[in-house]
Amino acid sequence: KWAHDAELRFKVEARRNRALGLWAAEKKGLSGEAAEEFVGSVIAADFQEAGDEDVFRKLRGELDASVSDAAIRDKMRECLAAAVASVTGK
């Protein structure tokens, strides 16, 4: 059960981070290969430490001041809910 839960958590976080990366890439005006490279950097940021703050810091550092901290955190919650629904079918 623990291994299954860990695998589900990994899948959910990976999908959330991909969606966040795509959102932020769009905000930055990136497309194509540049956007995919940026998405990869957002996914990689999640491996720096436990929790979500490493991803938040990555996004905060990449996005300009027109995107508020609250908007980033709201998008993180939105992408997490969508990822959970996608992985669990709920």
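Reference entry: report on the structure contained in this document. For every chain, the first residue of the written sequence is number 1, and numbering continues from 1 onward in sequence order. It should be noted that, the model being predicted, local features are given only for residues of pLDDT at least 70 and side-chain atom pairs only at 80 or more, the latter also being counted only at that level, while totals for whole chains, interfaces and linings use all residues. Values shown for side chains rest on all heavy atoms present in the structure; no hydrogens or waters enter the calculation.

Comments concerning the packing of helix 3 (residues 53-62) against helix 4 (residues 69-88)
Helix axes are fitted to C-alpha atoms over the stretch in contact, other axes to C-alpha atoms as well, and angles between N-to-C directions run from 0 to 180 degrees. Secondary structure elements follow DSSP: runs of H or I no shorter than four residues count as helices, runs of E no shorter than two count as strands, and numbering proceeds from the N terminus. Viewed as axis vectors pointing N to C, helix 3 and helix 4 meet at an angle of 130°, and their least axial separation amounts to 10 Å. In terms of orientation, helix 3 lies oblique with respect to helix 4. Crossing handedness for the pair helix 3 and helix 4: right-handed. Where helix 3 abuts helix 4, its residues Glu 53, Val 55, Phe 56, Leu 59 and Arg 60 lie against Asp 69, Ile 72, Arg 73 and Met 76. The class makeup of the residues in the contact of helix 3 with helix 4 is five nonpolar, no polar and four charged. Any angle between 65 and 115 degrees counts as roughly perpendicular, while under 35 counts as roughly parallel, over 145 as roughly antiparallel, and the rest as oblique. For any pair of crossing helices, the crossing counts as left-handed if the nearer helix is rotated counterclockwise from the farther one by less than a right angle, and right-handed if it is rotated clockwise. A contact between two residues is defined here by any heavy atoms of the two lying within 4.5 Å. In this classification, the charged set is Asp, Glu, Lys and Arg, the nonpolar set is Ala, Val, Leu, Ile, Met, Phe, Trp, Tyr, Cys and Pro, and all remaining amino acids, among them Gly, are polar.

Focus: helix 3
Exposure categories follow from relative accessible area, calculated using a 1.4 Å probe and restricted to protein chains: below 20% of the type maximum is buried, above 50% is exposed, and the middle band is partly exposed. Taken residue by residue, helix 3 has Asp 54, Val 55, Phe 56 and Leu 59 as its buried positions. Each element contacted by the buried residues of helix 3 is listed here: helix 1 (2-28), helix 2 (32-45) and helix 4.

Regarding the environment of Ala 25
Along the chain, the position of Ala 25 falls in helix 1. For Ala 25, a relative accessible area of 1% puts it in the buried group. Ala 25 sits 13 residues away from Val 12 along the chain, and the two C-alpha atoms are 20 Å apart. Apart from the residues lying within four places of it in its own chain, the contact partners of Ala 25 are Leu 30, Ala 35 and Phe 38.

Some thoughts on the packing of aromatic side chains
When the centres of two rings from Phe, Tyr and Trp lie within 6.5 Å, Trp using its six-membered ring, the rings pair. Their planes under 30 degrees apart give stacked, over 60 give edge-to-face, and anything left gives tilted. The full count for this structure, using the stated rule, is one aromatic pair. Here Phe 10 and Phe 47 contribute two aromatic rings whose centre-to-centre distance is 6.5 Å and whose plane-to-plane angle is 35°, an arrangement assigned as tilted. Taken as a pair, Phe 10 in helix 1 and Phe 47 in the loop between helix 2 and helix 3 lie far apart in primary sequence, 37 residues in all. Over the face of the ring belonging to Phe 56 we find Arg 73, whose NZ or CZ atom lies 3.8 Å from the ring centre. Criterion for a charge above a ring: Arg CZ or Lys NZ at most 6 Å from the ring centre, at most 35 degrees from the ring normal.

Things to note about the nonpolar core
Ranked by size, the top nonpolar core spans 15 residues in total, and within it Leu 59, Leu 63 and Ile 72 carry the most contacts. Looking at this core, the elements with two or more residues in it are helix 1, helix 2, helix 3 and helix 4. In terms of residue count, the dominant contributor to this core is helix 1 (four residues). The residues contacting Leu 63, other than those within four sequence positions of it, are Trp 23, Ala 24, Lys 27, Lys 28 and Ile 72. For the purposes of this section, nonpolar cores are sets of buried Ala, Val, Leu, Ile, Met, Phe, Trp, Tyr and Cys residues that join through side-chain atoms within 4.5 Å.

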